[in-house]
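Each chain, written out:
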Amino acid sequence: MSVREYPDLETFIGDVRKHNPGQPEFVQAVQEVAEDIFDFIADKPQYHEYQILRRICEPDRVISFRVCWEDDQGQIRVQRGWRVQNNNSIGPYKGGIRFHPTVTESVLKFLAFEQTFKNALTGLPMGGGKGGANFNPKGKSDHEVMRFCQSYMTELYRHVGADVDVPAGDIGVGAREIGYMFGQYKRITNQFTGVLTGKGLEYGGSLIRPEATGYGAVYFLQNMLATRGTDLSGMNAVISGSGNVATFAAEKVTQLGGKVLTFSDSQGFVHDPDGIDQDKIDWVKEHKTKRRGRIADYVQEFKNATYHEGKRPWSVPCDVALPCATQNELDGDDARTLIANGCIGVSEGANMPTTLEGVHVFKDARILYAPGKAANAGGVAVSGLEMSQNSQRRSWKEPELQKLLLDIMQGIHESCLQYGQQSDDYVDYVRGANIAGFKKVADAMLAYGVV
Ligand code: GLU
């Protein structure tokens with residue numbers, strides 16, 4: 001038998017598609033990684049002999065369960081919850097929980113797959129996982145959200161643990177939801193352990209965890225710009241999303257002298273030609289978290305801004321773009337528009353926000369393009385630091401954590417250079433991130449033999 005698992009990439013992807021019917025997001029995430037890994041392992045027989053590529057594309061397990069809860073009208077509602085435990089070769093499963101009506105097994109499998117490489121890139125001992133439910137927290141009362149979170153945790157608790165699987169937040173899951181879930185875990189198990197990250201500061205949370213994903217994506221962008229001898233000062237930035245990642249990314253861009261022009265949500269985007277400064281960012285944060293309002297309301301408050309219903313912000317001319325909303329929010333045409341308008345750098349705060357076609361457009365244009373698994377790893381990195389603090393039963397001070405985040409983002413950038421630098425000095429960050437992440441996980445898998 002040949003040591004090569006598959007004759008070519010197409011056969012491999014065809015096989016993945018066949019084994020995961022109706023899961024386009026998962027197949028897309030696998031393809032994005034396999035495009036680089038396929039030739040990286042071509043001359044490395046050990047990976048073929050142990051079928052590493054095939055094994056890495058198969059989650060350790062997918063747990064799916066019913067989540068029943070009672071709404072404020074006394075009606076019984078039924079949702080589906082999941083936890084995808086993708087790979088724990090280098091540490092306990094780690095990754096967020098997403099509550100959103102678009103959540104499916106395919107979405108969570110893609111996210112858990114991405115998370116595995118992302119977590120490896122941070123250099124911290126964390127495996128990859130992801131969970132969630134097709135529950136929409138929008139428009140629900142606090143008590144409805146509480147009852148849902150408690151019901152979700154009533155099943156999840158038996159599958160997680162500080163040394164087993166450590167969930168955190170993601171879209172639709174923030175401090176409020178983490179609090180309800182941690183409370184329920186503690187109540188059921190009678191244990192106060194670091195089973196979740198993103199906790200409140202009063203009960204074991206870490207400083208700078210809320211800021212970390214957005215700040216980290218901007219630090220990564222800074223590192224990329226530095227390779228071309230430039231920085232963010234005076235640059236125009238287009239940002240999508242208006243949640244935790246987008247607002248803290250905007251804050252850091254502003255602090256570093258850039259001008260933020262846009263925010264968005266699933267209904268449309270706002271364009272503020274005056275720039276979205278710190279006061280306006282604070283207004284957005286409050287509007288989204290306290291009032292749980294829509295970004296469209298921004299234009300009532302700031303009169304020079306315009307709202308574009310049903311549109312995405314990529315047509316606004318900019319120097320740099322930070323997609324911080326959700327998967328597949330930037331397609332091939334959007335990528336071409338950004339480049340035509342002079343965009344030189346893209347740093348992904350969201351997970352897989354660019355379609356495969358968009359990724360190829362960015363790579364072909366040789367702009368600075370950082371995939372989410374590298375650029376948005378700051379969030380989970382500080383989650384890893386929260387785990388360390390919980391294990392030590394102490395909390396570290398802010399300057400220490402800020403420095404660790406900066407160092408980790410710089411380390412990820414260096415790993416991307418190590419494996420992504422091309423002969424003409426162009427850095428293929430997608431390739432660099434894929435290979436660096438893969439290599440660490442794959443080598444641990446080799447050490448364990450066939451398990
Ligand atoms: N959901 C975030 C991510 O996509 C954070 C996960 C975590 O902190 O565990 O990386």
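Our structure's up above, just so we're on the same page.
The following refers to the structure shown.

How each quantity is defined
- Residues numbered from 1 in each chain as written.
- Predicted model: local features only at pLDDT ≥ 70, side-chain atom pairs only at ≥ 80, totals over all residues.
- Heavy atoms only, no water.
- Near = heavy atom within 4 Å.
- Polar contact = N/O pair within 3.5 Å; in protein donor to acceptor, adjacent residues only side chain to side chain.
- Helix = DSSP H or I, 4+ residues; strand = E, 2+ residues; numbered from the N terminus.
- Core = buried A, V, L, I, M, F, W, Y, C linked by side-chain atoms within 4.5 Å.
- Buried < 20%, exposed > 50% of the residue type's maximum accessible area, 1.4 Å probe, protein only.
- Contact = heavy atoms within 4.5 Å.
- Phe/Tyr/Trp six-rings, centres within 6.5 Å; stacked < 30°, edge-to-face > 60°.
- Lys NZ or Arg CZ within 6 Å of the ring centre and 35° of its normal.
- Axes fitted to C-alpha atoms, helices over the stretch in contact; angles between N-to-C directions.
- Parallel < 35°, antiparallel > 145°, perpendicular 65-115°, else oblique.
- Nonpolar A, V, L, I, M, F, W, Y, C, P; charged D, E, K, R; others polar.
- Arc of directions from axis to C-beta.
- Pairing = 2+ DSSP bridges.
- Right-handed = clockwise from strand over helix to strand, strands pointing away.
- Salt bridge = Lys/Arg side-chain N within 4 Å of Asp/Glu carboxyl O.

Another point: the site of the ligand. Lining the immediate surroundings of the ligand are 13 residues, of which Lys94, Lys118, Gly169, Asp170 and Ser383 lie closest. In this structure, an oxygen atom belonging to the ligand sits 3.0 Å away from a side-chain N or O atom of Asn351. Sorting the residues of the shell around the ligand by element identifies strand S3 (93–99), helix H5 (105–121) and helix H15 (377–392) as the ones contributing at least two each. Sort the elements by how many residues they give to the shell around the ligand and S3 lands first, with 3 residues.

Glancing now at the nonpolar core. With 60 residues, the main nonpolar core has Phe220, Ile239, Phe263, Tyr298, Leu322, Leu405 and Ile412 as its most contacted residues. Counting residues per element, this core draws most heavily on helix H8 (residues 209–226), at 9 residues. Discounting chain neighbours no more than four positions away, the residues touching Leu405 are Ile208, Ala212, Tyr215, Tyr219, Gly378 and Val382.

Summed over the entire model, instances satisfying the criterion amount to 23 aromatic pairs. With a centroid separation of 6.3 Å and 25° between ring planes, the pair formed by Phe148 and Tyr152 is classed as stacked. Separated by 4 residues within a single helix, Phe148 and Tyr152 lie in helix H6 (residues 142–156), roughly one turn from each other. You'll find Phe148 and Tyr152 in the same group, each marked buried. Arranged with centres 4.6 Å apart and planes meeting at 45°, the rings of Tyr298 and Phe302 form a pair that is tilted. Across this residue pair, the class does not change: Tyr298 and Phe302 are buried. An aromatic cluster of at least three residues, connected via ring pairs, comprises Phe65, Trp69, Phe99, Phe135, Phe148 and Tyr152. Positioned above the aromatic ring of Phe26 is the side chain of Lys109, whose terminal nitrogen or guanidinium carbon lies 4.5 Å from the ring centre.

Here we take up the packing of helix H2 (residues 24–40) against H5. At their nearest, the axes of H2 and H5 sit 6 Å apart, and the two run at 25° to each other. Taken together, H2 and H5 sit at an angle that is classed as roughly parallel. Contacts from Pro24, Glu25, Phe26, Ala29, Val30 and Val33 of H2 reach H5 at Ser106, Val107, Lys109, Phe110, Phe113, Glu114 and Phe117. Looking at the contact of H2 with H5, its residues break down into 9 nonpolar, 1 polar and 3 charged.

Residues of helix H1 (residues 9–19) that are buried: Leu9, Phe12, Ile13, Asp15 and Val16. Projected down its long axis, H1 shows its buried positions confined to an angular sector of 155°, all on one face. Exposed positions of H1 whose direction lies more than 90 degrees from the buried face are Glu10 and Lys18. The inward-facing, buried residues of H1 contact H2 and helix H4 (52–56).

The strand order across the open sheet formed by 5 strands is S7-S6-S11-S12-S13, and the pairing between neighbours is parallel. A single partner strand is all that each edge strand has here, and the edge strands are strand S7 (259–260) and strand S13 (368–370). Pairing of strand S12 (residues 345–347) with S13, which is carried by 3 bridges, proceeds in the parallel orientation. Opposite Gly345, over in S13, you have Leu368 as the bridge partner. Sheet strands in contact with helix H9 (residues 244–255) are strand S6 (236–240), S7 and strand S11 (320–323), and its direction is about 170° off that of S6.

Across the 6 residues that make up strand S4 (residues 128–133), a large majority, 6, are buried. The two faces of S4 match: Gly128, Lys130 and Gly132 on one face and Gly129, Gly131 and Ala133 on the other face are all buried. In terms of strand pairing, strand S2 (residues 76–87) meets S4 through 6 bridges, oriented antiparallel. Across the sheet, residue Val84 finds its bridge partner in S4, namely Lys130. Here 3 bridges tie S3 to S4, and the two strands are oriented parallel to one another. Within S4, the position partnered with Phe99 by the bridge is Ala133. Taking the sense of rotation as the criterion, the β-α-β connection linking S3, H5 and S4 turns out right-handed.

Further remarks concern the pattern of salt bridges. Enumeration according to the criterion identifies 27 salt bridges in this entry. The salt bridge partner of Glu251 is Lys285, with a shortest N-O separation of 2.5 Å. Remark: Lys285 occurs in helix H10 (residues 278–289) and Glu251 occurs in helix H9; sequence separation between them is 34 residues. Residue classification places Glu251 among the buried positions, given a relative accessible area of 8%. One salt bridge in this structure joins Arg291 and Glu286, with 3.8 Å as the shortest N-O distance. Here the salt bridges share partners, and the residues they tie into one network are Asp36, Asp39, Lys363, Asp428 and Arg431.

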